[in-house]
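Residues per chain, in single letters:
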Amino acid sequence: MLDDPGLYGPRRPLPLRVRPVPGESTGSFVNRLAHANGLSLAAFLDRVGQGEASAYPERVEKYPQSTEMYVNDAGLRYLAVLADRAAGLLQQDLPSLGAEQLLPGSEAAQWWWRWEPVAGHLVRYCPLCADALGVGEAVWLMSPDSWQVCLRHGYWSDDSRGRGPDFVQLAELPETVTAHQVRQQLAERWGSAGEELFADAFQVAVYWWTRMPDTVCWVRRAWTAGLDAREMRAAPLVIYPEAAELAHAMLDFERAGQRDTADRSRWLAGVEQLMAEWGVDVAEGRQALLMWLGRHRRGVPAPGPAGGNGLLLGAGHSRIASRTGPVSQRSCLTWQLGMAAANM
């Protein structure tokens, strides 16, 4: 119950509680809370203040994969009352309720449905994980990347918004599962340096895919997943294994700390041999590797803390778009390799 008796707004929770899924979009949670209590979205929103899109709540309800809800501080308090959950706990579970994403204005409760999230991607939650929690309808997560991997159940999901299958089962793509495990291991062992090296490798692999989408191993994976081999949606899934292996090669280069011309040439020759084994055209793909080496050729690190467990990356690597954003922005190659990966 709100403490201020003169403040308009909900005074008691809705009869039926709904527990948020960690990382869930606010829109997904609000829809589930409304539906559990037999309310349309429009009827629910009347209890959360005033906002935009109120004339078209049926469109918002119909497209949870496209829209996200934002509130101001008062709207957050209203939502907390209705959900019977402390505002701070809601903020922990629902990323779009974070302090940095609250709408301005603290007096009248306000909400706003955007047709594109302010940050991140709306990605479907693993259906088997949802079943285990007793969730009866689709759950959408706010993900920094445009995809999610559930290692527990072997599912790949993304922000495809209805194009093709909602989920890809990875039972026949074990190399993609392994690649995701490698990415996690790099982050756990090497902290932000590991995450950023994977991001560098991923950017290089995207560069290759945009120029060589018909590379045999990528086409085969796309077909196995039930996706069009040239569809942008397929790219993160099919290049994941090569990106993970390339990230390990980049890690070896950084750990060796030998960056003169001969050392760079030896490393480049080794990676080009891997490219040939993968079926990636070496001449077409070399430029991306040269760009990466150009950023990492000097051993004196840029100012700042080590990326994790003492590993300091080459000085040029400091020029990245974001240290906390999606994989496409955690690389020193974000702009050099074009914007093809910006939506991945």
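This text gives an overview of the structure that appears in the document. (Residues numbered from 1 in each chain as written. Predicted model: local features only at pLDDT ≥ 70, side-chain atom pairs only at ≥ 80, totals over all residues. Heavy atoms only, no water.)

Covered by surrounding structure in strand β7 (residues 155-158) are Y155 and S157 together with W156 and D158, the residues of both alternating faces. Across four bridges, strand β6 (residues 147-150) lies against β7 in antiparallel orientation. Paired with C150 across the bridge in β7 is Y155. Linking two consecutive strands that pair antiparallel, namely β6 and β7, is a turn of four residues; a positive phi of about 70° is found at G154 within it. Taken together, the three bridges between β7 and strand β8 (residues 167-169) define a ladder with antiparallel strand orientation. Pairing of Y155 across the sheet is with Q169, part of β8. (Buried < 20%, exposed > 50% of the residue type's maximum accessible area, 1.4 Å probe, protein only. Helix = DSSP H or I, 4+ residues; strand = E, 2+ residues; numbered from the N terminus. Pairing = 2+ DSSP bridges.)

What follows is about the environment of L237. Here L237 is to be found in helix α9 (residues 234-256). In this structure the C-alpha to C-alpha distance between L237 and V149, which are 88 residues apart in sequence, comes to 9.8 Å. Excluding residues that lie within four positions of it along the chain, L237 makes contacts with W156, V168, L170, L173, T176, A225 and L227. (Contact = heavy atoms within 4.5 Å.)

Across its 38 residues, helix α7 (residues 174-211) extends only 25 Å between first and last C-alpha, which sits more than 12% below the 56 Å expected from 1.5 Å per residue. The sharpest bend along α7 comes to roughly 145°, located at W190. (Expected span 1.5 Å × (residues − 1). Bend = angle between axes of the 7 residues up to and from the residue.)

Each disulfide consists of a covalent bond between the sulfur atoms of two cysteine residues. Under the defined criterion, the tally for this structure stands at zero disulfides. Here C126 stays unpaired: no disulfide links it, and the sulfur of C150, its closest cysteine neighbor, is 3.8 Å away. (Disulfide = S-S within 2.5 Å.)

Distances and angles like these do not, on their own, reveal function.
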